[in-house]
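A closer look at the structure
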Amino acid sequence: MALRMWASSTANALKLSSSASKSHLFPAFSISRCFSSVLEGLKYANSHEWVKHEGSVATIGISDHAQDHLGEVVFVELPEEKSSVSKEKNFGAVESVKATSEIISPISGEVIEVNAKLADSPGLINSSPYEEGWMIKVKPSNPAELESLMGPKEYTKFCEDEDAAH
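An unreviewed UniProt entry lists the protein chain under the name Glycine cleavage system H protein, with Brassica carinata given as the organism. Turning to the protein chain, the UniProt record has this under Sequence similarities (unreviewed entry): "Belongs to the GcvH family."

Quick look at the structure:
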């Protein structure tokens, strides 16, 4: 019984699932190649930033996939409020124990808020990339730019293809 519980919790942690066959003797297992979270309701850039568009505000951060590849984030450089960001242009940087990476804006607009918590707690990007680890809030200057971003299914496939290529 303990072994079955351990196997079940291990399979759950590794995102393994079984689909019982008709005979129940040979269950088919599948494993998700992309262990990171991809959330519904967000748009994703191929540079691994996400956007949550609500009314006239777009919240931007880096994806769970990106933070996972970066490793422990130790410093974040973000723009000032009231500054402008441009689609596909650098607006800041994330420094981890592995590397420093530029943050590329998935849309253009005016920065209306910066996540001040990240100055003292950059690790929020690792522990909560979609909630407490958001980076900036922007008033989009061209909301149509959101249409060029990927949805969750497309982004998941993009990550799987990218990981397979490396």
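Here we come to the pattern of salt bridges. Going through the model one piece at a time under the given rule, you end up with two salt bridges. Of the charged contacts in the structure, one is a salt bridge between Lys52 and Glu54, with a shortest N-O distance of 3.7 Å. What makes Lys52 partly exposed here is its relative accessible area of 36%.

If you trace the backbone, Val57 turns up in strand S5 (residues 57-62). Along the sequence, Val57 and Lys137 sit 80 residues apart, while their C-alpha atoms lie 6.5 Å from each other. Apart from residues no more than four positions distant in its own chain, Val57 is found in contact with Lys52, Ile112, Lys137 and Val138.

Tracing the chain through its elements places Glu49 in strand S4 (residues 49-54). At a separation of 2.3 Å, a polar atom in the side chain of Glu49 contacts the side chain of Ser47. A polar atom in the side chain of Glu49 sits 3.0 Å from the backbone nitrogen of Ile104. Residues within four places of Glu49 in sequence aside, it is in contact with Lys43, Tyr44, Ile60, Gly61, Ile62, Glu102, Ile103, Ile104 and Pro106.

As annotated by UniProt and renumbered to match this structure, "modified residue: N6-lipoyllysine" (unreviewed entry) occupies Lys98. Here Lys98 is to be found in the loop between strand S8 (90-96) and strand S9 (100-104). In this view, Lys98 contacts Asp68, His69, Leu70 and Gly71; residues no more than four positions away in its chain are not counted.

Its volume calculated, the largest pocket comes out at about 230 Å³. Ser47, His48, Ala66, His69 and Leu70 are the residues nearest the centre of the largest pocket, which is lined by 16 residues in total. Only helix H2 (64-70), S9 and helix H5 (152-165) provide two or more residues apiece to the lining of the largest pocket. When the residues that make up the lining of the largest pocket are grouped by side-chain class, the tally is six nonpolar, six polar and four charged.

Rules used in this analysis
Here the residue numbering is sequential within each chain, running from 1 through the sequence in written order. Selection of residues for local features in this predicted model requires a pLDDT of at least 70, selection of side-chain atom pairs for listing and counting requires 80 or more, and totals for whole chains, interfaces and linings are taken over all residues. Each side-chain value is derived from all of the structure's non-hydrogen atoms; neither hydrogens nor water enter the calculation. UniProt positions are given in the numbering used here, feature names are shortened, and annotations may be inferred rather than shown by experiment. When a carboxyl oxygen of Asp or Glu lies within 4 Å of a side-chain nitrogen of Lys or Arg, that pair is called a salt bridge. Each residue is assigned to one of three classes by its accessible area relative to the maximum for its type, calculated with a 1.4 Å probe on protein chains only: buried under 20%, partly exposed between the two thresholds, exposed over 50%. Where helices and strands are cited, they refer to DSSP runs of H or I of at least four residues and of E of at least two residues respectively, numbered from the N terminus. Should any heavy atoms of two residues lie within 4.5 Å, those residues are counted as being in contact. Here a polar contact is taken to be a pair of N or O atoms separated by no more than 3.5 Å, where protein atoms must pair a possible hydrogen donor with a possible acceptor and residues adjacent in sequence count only if both atoms sit in side chains. A 1.4 Å probe that fits into a set of points on a 1 Å grid over the protein atoms alone but cannot get out defines a cavity; an open set with protein on both sides within 12 Å along at least five of seven lines defines a pocket, and lining residues are those with an atom within 4 Å of a point. Grid points are joined across faces, edges and corners, and a volume is the space filled by probe spheres set on the points. When residues are sorted by character, Ala, Val, Leu, Ile, Met, Phe, Trp, Tyr, Cys and Pro go into the nonpolar class, Asp, Glu, Lys and Arg into the charged class, and all the rest, Gly among them, into the polar class.

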